Amino acid sequence: MAMNSRLDVPLERTGSAFFIFGDSSVDPGNNNYINTIPENRADYEPYGQNGFFPKPTGRFSDGRVIVDFIAEYAKLPIIPPFLQPSVDYAKGVNFASGGAGILSETNHGLVIDLQTQLKSFEEVQKTLAEKLGDEEAQRVISGAVYFFGIGSNDYMGGYLGNPKMQQRYNPEQYVGMVIGNLTNAVQLLYQKGGRKFGFLSLPPLGCLPALRALNPKPKKPNDEEAGGCFEEALALALAHNNALDAMLKTLHYMLKDFKYCNSNLYDWLHHIINNPTNYGFKDGLNACCGTGPYGGIFTCGGRKNIKDYQLCDNPQDHVWWDSLHPTERIHQLFANTLWSGPSSSVAPYNLQDLFLDRQITIGDIVDHNPQSQY
């Protein structure tokens, strides 16, 4: 399995701003500022317990999330949440919201959906023009990297947890609708001047502790995968990732100077889940913080409907921090792969290429399929 897991990534100054759209996988605390349910917030202990931040920030992790590491590698400051007061937008801003989906219907009224995140970007663009002047603002916009970490909620709660959606759309139709909305978002940012895009593809959703705990099919006697992953969720994640890959290749040919970074988080994380000791983990199945089978009942922090939860002694031993989210170590390992992984792992560009404006040949794009290199 090809991957880059170096922790000593060289730092080079890039000058590119960093704009982030997404869900809890990349939310730095925007949900602290909205009226939502406790499940969509992480601004309480034991979130952020590893001490990198002085107190819980709203990140769904024991510490940092993937975009914090990417900003570090790009020699940028930590990118602040859009809703944080008095934010300077010149180096970028993070619009992500825990629980958000690509579709506006997903967790409607409880999150900042992707359409609203895009409207917030338009506000940022106007503010930059007022502060920097039109020409300099446009230079920031066109030189920036736009990163998407979103989609899981559309399939978990938005489809598998929504019988009406399942009656209205078959899985193929639903994936097409999700990808269509994501395509529109990318094209909108391109029209506004964006040229460099990074994507966090979907993980093996059915192997999240919460989904294992809900698995309607019990483990078979000879099933190598302890506990068994939720097959329907795995199939949706794979279908989404394949459609995302095809969409990005199409946009590359349609849009002049469109550059992107995509990788196969699904197989990468699946491999670690099934072979945790190969990567310095002791447990690839159970959440560090939660309760019930696999720690799969989402109770971390005791602020939700069920107050009881257990907390492991050392999160670094675990792939999963809580029932739905990985530990900081997983965020860091995958950030390293996205930043400077080889073309067999991340393509057609890695994020370092995008931030530093490195060029590749047309053959690199034609020959590479990131969904089959693991």
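Residues numbered from 1 in each chain as written. Predicted model: local features only at pLDDT ≥ 70, side-chain atom pairs only at ≥ 80, totals over all residues. Heavy atoms only, no water.

> Looking at this model, I keep getting lost on the packing of aromatic side chains. Mind explaining?
Remark: the centre distance and the inter-plane angle together describe each pair of aromatic rings, the angle taken between the planes. For the structure shown, the criterion picks out 25 aromatic pairs. Geometrically, the ring pair formed by Tyr155 and Tyr174 is edge-to-face, given 5.7 Å between the ring centres and 80° between the ring planes. Highlighted residues: Tyr155 in helix α4 (residues 152–160) and Tyr174 in helix α6 (residues 171–191), separated in sequence by 19 residues. Residue Tyr155 shares its accessibility class with Tyr174, and that shared class is buried. One aromatic cluster in this structure is built from Phe19, Phe21, Phe82, Tyr89, Phe95, Phe121, Tyr146, Phe148, Phe197, Phe199, Phe258 and Tyr260. Positioned above the aromatic ring of Phe281, the side-chain terminus of Arg329 is 4.1 Å from the ring centre. (Phe/Tyr/Trp six-rings, centres within 6.5 Å; stacked < 30°, edge-to-face > 60°. Helix = DSSP H or I, 4+ residues; strand = E, 2+ residues; numbered from the N terminus. Buried < 20%, exposed > 50% of the residue type's maximum accessible area, 1.4 Å probe, protein only. Lys NZ or Arg CZ within 6 Å of the ring centre and 35° of its normal.)

> When you look at the pairing of strand β4 (residues 196–199) in this model, what are you seeing that I'm missing?
For a regular strand, side chains alternate in direction, first toward one face of the sheet and then toward the other. Neither face of β4 is left uncovered, since the one carrying Lys196 and Gly198 and the one carrying Phe197 and Phe199 both have all their residues buried. Where strand β3 (residues 145–149) and β4 come together, four bridges link them in parallel fashion. When the bridges of β4 are listed, Tyr146 appears paired with Phe197. (Pairing = 2+ DSSP bridges.)

> Sorry, what's going on with the nonpolar core here?
One recurring pattern in soluble globular proteins: nonpolar side chains tend to sit buried together. Counting 99 residues, the largest nonpolar core has Phe18, Phe19, Phe21, Phe147, Phe148 and Leu351 as its most contacted members. Beyond its immediate stretch of four places on either side in the chain, Phe18 contacts Val67, Ile70, Ala71, Leu76, Ile79, Lys91, Gly92, Val93, Val145, Phe147 and Phe355. Counting 10 residues, the second largest nonpolar core, distinct from the first, contains Cys288, Cys289, Phe298 and Trp321. (Core = buried A, V, L, I, M, F, W, Y, C linked by side-chain atoms within 4.5 Å. Contact = heavy atoms within 4.5 Å.)

> Explain the state of the cysteines here, please?
Two cysteines joined by a covalent bond between their sulfur atoms form a disulfide. As enumerated under the stated definition, the model contains three disulfides in all. Linked covalently through their sulfurs, Cys207 and Cys229 form a disulfide whose S-S length is 2.1 Å. Residues Cys207 and Cys229 are joined through a disulfide that is right-handed, its torsion about the S-S bond being 105°. Residue Cys207 is located in the loop between β4 and α7 (209–214), and its partner Cys229 is located in the loop between α7 and α8 (231–254); the two are separated by 22 residues in the primary sequence. With respect to class, Cys207 is no different from Cys229; both count as buried. In the chain, the cysteines engaged in disulfides, taken in order along the sequence, are linked 1-2, 3-6, 4-5. (Disulfide = S-S within 2.5 Å.)

> I would appreciate a short explanation of the packing of helix α2 (residues 114–132) against helix α3 (residues 134–143) in the present structure.
For any two helices packed against each other, one specifies the crossing angle of their axes together with the interaxial distance. Axis separation between α2 and α3 bottoms out at 7 Å; the angle between their running directions is 135°. With respect to their mutual orientation, α2 and α3 come out oblique. Like other packed secondary-structure pairs, α2 and α3 cross with a definite hand, here right-handed. Here Phe121, Gln125, Leu128, Ala129 and Leu132 of α2 lie close against α3, whose contacting residues are Asp134, Glu136, Ala137, Gln138, Val140 and Ile141. Each residue belonging to the contact of α2 with α3 can be placed in one class, and the counts come to seven nonpolar, two polar and two charged. (Axes fitted to C-alpha atoms, helices over the stretch in contact; angles between N-to-C directions. Parallel < 35°, antiparallel > 145°, perpendicular 65-115°, else oblique. Left-handed = near helix turned anticlockwise from the far one by under 90°. Nonpolar A, V, L, I, M, F, W, Y, C, P; charged D, E, K, R; others polar.)

> How should I be thinking about the pattern of salt bridges in this particular structure?
Note on pairing: side chains with opposite charge can pair once their charged atoms come close. For the coordinates displayed, the defined rule picks out 11 salt bridges. A salt bridge links Glu72 to Arg64; the nearest nitrogen and oxygen atoms lie 3.7 Å apart. Judged by its relative accessible area of 15%, Arg64 is buried. Linking Asp357 and Lys196 is a salt bridge whose minimum nitrogen-to-oxygen distance equals 3.0 Å. On the criterion of sequence distance, the pair formed by Asp357 in the loop between α11 (351–355) and α12 (362–367) and Lys196 in strand β4 is long-range, its members being 161 residues apart. Taking relative accessible area as the criterion, Asp357 reaches 46% and is therefore assigned partly exposed. Residues participating in the shared-partner salt-bridge network are Arg64, Glu72 and Glu328. (Salt bridge = Lys/Arg side-chain N within 4 Å of Asp/Glu carboxyl O.)

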